[in-house]
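Below are the chains, spelled out letter by letter.
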Amino acid sequence: MGYACLAIGLAHVLLGNLSVPGAGSAGPTIDSLGRFFGAVFAGYGLAWLWAARQERVPAPAVRALAGVFLLGAIGRLLSLAVAGWPHWFQVALTVLELALAPLLFWLADADADTDTDTDTDTEEKAAAAR
């Protein structure tokens, strides 16, 4: 997830509107906006990489990052309702985002449950050793 977001973000920074299928020329204002959001998306990817590289992946961080991902999908749905159907690739990304966000929430909860079980086992072993 982190590497994909970082690569996509950097592609938007470097290529501007050319990185958006079906966008064509949108002028300097939209190009500037797209490159800015590309940098933000690259930072989002770095946040995923940071979380994934922790000794224990922090469930609150995964939930927050998954929430941002879901918010992006909701933004795409709002655009669909207001502006109509985008390029097919954007629709595919929306479906992917709507499917992955709940999966990431579930994985964060599963990891948090494992952490709780591990902590309990450690406490029980320490108590038994006394």
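Cut-offs used in this document
- Residues numbered from 1 in each chain as written.
- Predicted model: local features only at pLDDT ≥ 70, side-chain atom pairs only at ≥ 80, totals over all residues.
- Heavy atoms only, no water.
- Helix = DSSP H or I, 4+ residues; strand = E, 2+ residues; numbered from the N terminus.
- Contact = heavy atoms within 4.5 Å.
- Expected span 1.5 Å × (residues − 1).
- Buried < 20%, exposed > 50% of the residue type's maximum accessible area, 1.4 Å probe, protein only.
- Salt bridge = Lys/Arg side-chain N within 4 Å of Asp/Glu carboxyl O.
- Core = buried A, V, L, I, M, F, W, Y, C linked by side-chain atoms within 4.5 Å.
- Arc of directions from axis to C-beta.

Chemist: Would you mind going over the environment of proline 21 with me for this structure?
Modeler: Here proline 21 is to be found in the loop between helix H1 (2–15) and helix H2 (27–52). C-alpha of proline 21 to C-alpha of proline 86: the two residues are 65 residues apart in sequence and 9.7 Å apart in space. For proline 21, the contacting residues outside a window of four places in its chain are His87, Phe89 and Gln90.

Chemist: Explain H2 here, please?
Modeler: The terminal C-alpha atoms of H2 lie 37 Å apart, and with 26 residues this matches the ideal 38 Å at 1.5 Å per residue to within 8%. Every buried residue belonging to H2 is among Gly38, Ala42, Tyr44, Gly45, Trp48, Leu49 and Ala51, and all of these are buried.

Chemist: Sorry if this is basic, but what is going on with the pattern of salt bridges here?
Modeler: In a structure, side chains of opposite charge can pair up when their charged atoms sit close to one another. Under the counting rule described, the total for this entry stands at three salt bridges. Ionic pairing is found between aspartate 31 and arginine 35, a salt bridge with its closest N-O pair at 2.7 Å. Note that aspartate 31 and arginine 35 are positioned in helix H2 at a spacing of four residues, about one turn of the helix. For arginine 35, a relative accessible area of 29% gives the class partly exposed. As a salt-bridge pair, arginine 76 and glutamate 97 come within 2.8 Å of each other at their nearest N and O atoms. In this pair, arginine 76 sits in helix H3 (residues 59–83) while glutamate 97 sits in helix H4 (residues 88–129), placing the two residues 21 residues apart along the sequence. Relative accessible area serves as the criterion here: at 26%, arginine 76 is assigned to the partly exposed category.

Chemist: How do you make sense of the nonpolar core when you look at a structure like this?
Modeler: Among soluble globular proteins, nonpolar side chains are generally buried collectively. With 13 residues, the main nonpolar core has Tyr44, Trp48, Leu65, Phe69 and Leu104 as its most contacted residues. Only H2, H3 and H4 provide two or more residues apiece to this core. For this core, the leading source of residues is H3, giving six residues. Dropping the residues within four chain positions of it, tryptophan 48 is found in contact with Met1, Gly2, Val62, Leu65, Ala66 and Leu104.

Chemist: Sorry if this is basic, but what is going on with H1 here?
Modeler: Note: α-helices contain 3.6 residues per turn, so residues at a spacing of three or four share the same orientation. The end-to-end C-alpha separation of H1 is 20 Å, in line with the 20 Å expected for 14 residues at 1.5 Å each. Within the span of H1, buried status applies to Gly2, Cys5, Leu6 and Gly9. End-on, the buried residues of H1 take up no more than an arc of 100°, which puts them together on one face. More than 90 degrees from the buried face of H1, the exposed residues found are Tyr3 and Leu14. In the core, the buried residues of H1 are packed alongside H2. Following H1 by one or two positions, glycine 16 adopts a phi angle in the positive range, close to 60°.

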